[in-house]
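This is what each chain is made of:
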Amino acid sequence: MREYLATLDDAAFGAASEVTPKFVSPSDPAAQWTGAMRGPAFFAYADNYLVDVKFGVIVDVEASRAIRQAEVGAAQTMIDRTERRFGLKPQRLAADTAYGAAPNLHWLVNEKKIAPHIPVIDATKRKDGIFSREDFTYDKARGVYTCPGGKLLTTTGRIRDDDLRLYTASKRDCDVCPLKSQCCPEDISRKLLRSVYEESRDVARAIAHTSAFEQSRRDRKRAEMLFAHLKRILRLGRLRLRGPWGARFEFILAAIAQNLRRLAKLTARPPPTADACLA
């Protein structure tokens, strides 16, 4: 019980989300009820690796709840810990879309100065023929959007839902606009939401169109191969120990085994060939 209570303020566990889990394990309350494997749901922990993709070596390991917010918190913990312990900080971070939330991108770009090679989580694109937010032009100096019809969307500056500002067009402009059917056919005026971290999201979007980003996508296969090896070769499909510390202990032991295997491959050399001599 003390161990469980000690994890309530941990970014990888209790502090990861304010949502109360649907089910709680009576024998291991910190485990997460999940159906991530597209099969029957079960209680589980997530294993998070920080991997040097150049050599395929696991630099740090962190256990967390099996939800996206917890995995992001675990990633930040590993990056901070690796810099503090070893003086190592990556120039770029390659990860999947689960790590593309705006606050995490802001943390990487502005606080850690790490290039985020991460797809951005973006729900603003429309597929029904209505103008998406990308069709509007943002003027940073004036803090306004310009719509495809040339009219302005302004904001009061009030932040809602923790990190969003609402930009609204004038009803007078929208009423007479010939593009209204493509912009806001069911609303009196067009509204847009912009994250206070949008500049960091723009940095990630720009990187996503570079050749370096494509290389990072290929490099990520090294990390994915480690998880495949973990499940298929080391057979770590089920934990023997309970609680966060038990999960961490097993994950660290597995990472040590994988690093030793990798070290053997990196240091092994073929035996020298002996010169043949005939008498």
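Nothing here was measured: the structure is a model prediction, and the numbers come from that model. (Residues numbered from 1 in each chain as written. Predicted model: local features only at pLDDT ≥ 70, side-chain atom pairs only at ≥ 80, totals over all residues. Heavy atoms only, no water.)

> Go over the overall build of the chain with me, naming the residues and quoting the values.
Counting its secondary structure elements, the chain contains 8 helices and 11 strands. The buried share among the 279 residues of the chain stands at 36%. Counting only contacts in the chain whose residues sit at least 6 apart along the sequence, the fraction spanning at least 24 positions is 54%. Element-wise, carbon and sulfur atoms account for 54% of the exposed surface of the chain, whose accessible area totals about 17800 Å². (Helix = DSSP H or I, 4+ residues; strand = E, 2+ residues; numbered from the N terminus. Buried < 20%, exposed > 50% of the residue type's maximum accessible area, 1.4 Å probe, protein only. Contact = heavy atoms within 4.5 Å. Areas by Shrake-Rupley, 256 points an atom, 1.4 Å probe, with all protein chains shown as cover.)

> Please set out the packing of helix 2 (residues 68-86) against helix 3 (residues 102-111) residue by residue, giving values where relevant.
It is at 11 Å that the axes of helix 2 and helix 3 come closest, and there the two elements cross at 15 degrees. By the angle between their axes, helix 2 is roughly parallel relative to helix 3. Considering only the axes of helix 2 and helix 3, their crossing is left-handed. The residues of helix 3 that touch helix 2, namely those facing Val72, Gln76, Ile79 and Asp80, are Asn104, Trp107 and Leu108. (Axes fitted to C-alpha atoms, helices over the stretch in contact; angles between N-to-C directions. Parallel < 35°, antiparallel > 145°, perpendicular 65-115°, else oblique. Left-handed = near helix turned anticlockwise from the far one by under 90°.)

> Would you mind going over the confidence of the model for the chain in detail, with residue names and values included?
Put simply, the chain has an average pLDDT of 87, and 89% of its residues get 70 or more. Here helix 1 (residues 2-6) stands out as the least confident element of the chain, with mean pLDDT 65; strand 7 (residues 144-146) is the most confident, with 96. (pLDDT = per-residue confidence, 0-100.)

> I'd like to hear about a nonpolar patch on the surface, residue by residue, with values.
Together, Leu241, Phe249, Ile252, Leu253, Ile256, Leu260 and Leu263 give the surface a local cluster of nonpolar side chains, amounting to about 650 Å² of exposed area. Among the structural elements, leucine 241 can be located in the loop between helix 7 (211-232) and helix 8 (243-267). Leucine 241 sits in the partly exposed class, given a relative accessible area of 40%. (Patch = residues over 30% accessible without salt bridge, like charges linked within 9 Å, V, L, I, M, F, W, Y side chains within 5 Å. Salt bridge = Lys/Arg side-chain N within 4 Å of Asp/Glu carboxyl O.)

> Account for the side chain of aspartate 60, with residues named and values stated.
Mapped onto the elements of the fold, aspartate 60 is located in strand 3 (residues 57-65). Given the relative accessible area of 11%, aspartate 60 is considered buried. Here arginine 81 takes part through its side chain, which lies 2.9 Å from a polar atom of the side chain of aspartate 60. (Polar contact = N/O pair within 3.5 Å; in protein donor to acceptor, adjacent residues only side chain to side chain.)

> Outline the packing of helix 7 against helix 8, listing residues and values.
Two elements in contact, helix 7 and helix 8, have axes whose closest approach is 11 Å; the angle formed by their N-to-C orientations is 115 degrees. Handedness of the crossing formed by helix 7 with helix 8: right-handed. In this structure, helix 7 contributes Arg222, Leu226, His229 and Leu230 to the contact, and helix 8 contributes Ala254, Gln258, Arg261 and Arg262. Each residue belonging to the contact of helix 7 with helix 8 can be placed in one class, and the counts come to 3 nonpolar, 2 polar and 3 charged. (Nonpolar A, V, L, I, M, F, W, Y, C, P; charged D, E, K, R; others polar.)

> Which residues make up the pattern of salt bridges, and what values do they have?
Under the criterion given, the structure shown has 18 salt bridges. The salt bridge partner of aspartate 60 is arginine 81, with a shortest N-O separation of 2.9 Å. Taken together, the positions of aspartate 60 in strand 3 and arginine 81 in helix 2 put the pair 21 residues apart, joining distant regions of the chain. With respect to burial, aspartate 60 and arginine 81 carry one shared label: buried. Taken together, the shared-partner salt bridges connect Asp122, Arg133, Glu198, Arg201, Asp202 and Arg205 into one network.

> Could you give an account of the sheet that holds strand 1 (residues 32-34), with specific residues and numbers?
The 3 strands are arranged 1-2-3 in an open sheet whose pairing can be described as antiparallel. Here the strands that pair on one side only, and so sit at the sheet edges, are strand 1 and strand 3. On average, each strand axis in the sheet is tilted by 55 degrees relative to the strand beside it, whichever way the strands run. As paired elements, strand 2 (residues 42-52) and strand 3 share 8 bridges and run antiparallel to each other. Within strand 3, the residue paired with tyrosine 49 across the bridge is valine 61. Docked against the sheet, helix 2 engages strand 2 and strand 3, running at close to 140 degrees with respect to strand 3. On top of the sheet, helix 7 reaches strand 2 and strand 3; it is set at about 135 degrees to strand 2, its chief contact. (Pairing = 2+ DSSP bridges.)

> How would you summarise the packing of aromatic side chains if you had to cite specific residues and measurements?
This model, assessed by the stated rule, comprises 6 aromatic pairs. Geometrically, the ring pair formed by tyrosine 138 and tyrosine 167 is edge-to-face, given 6.2 Å between the ring centres and 90 degrees between the ring planes. Here tyrosine 167 lies in strand 10 (residues 164-169) and tyrosine 138 lies in strand 6 (residues 137-139), a separation of 29 residues in the sequence. You can call tyrosine 167 buried: its relative accessible area is 3%. An angle of 90 degrees between the planes, with centres 5.1 Å apart, marks the rings of tyrosine 145 and tyrosine 167 as edge-to-face. Taken together, the residues tyrosine 145 in strand 7 and tyrosine 167 in strand 10 connect sequence positions 22 residues apart. This pair shows no difference in class: tyrosine 145 is buried, exactly as tyrosine 167 is. Among the aromatic side chains, those forming a connected cluster through ring pairs are Phe23, Trp33 and Phe43. Above the face of the tryptophan 245 ring, arginine 248 is positioned so that its terminal group lies 4.6 Å from the ring centre. (Phe/Tyr/Trp six-rings, centres within 6.5 Å; stacked < 30°, edge-to-face > 60°. Lys NZ or Arg CZ within 6 Å of the ring centre and 35° of its normal.)

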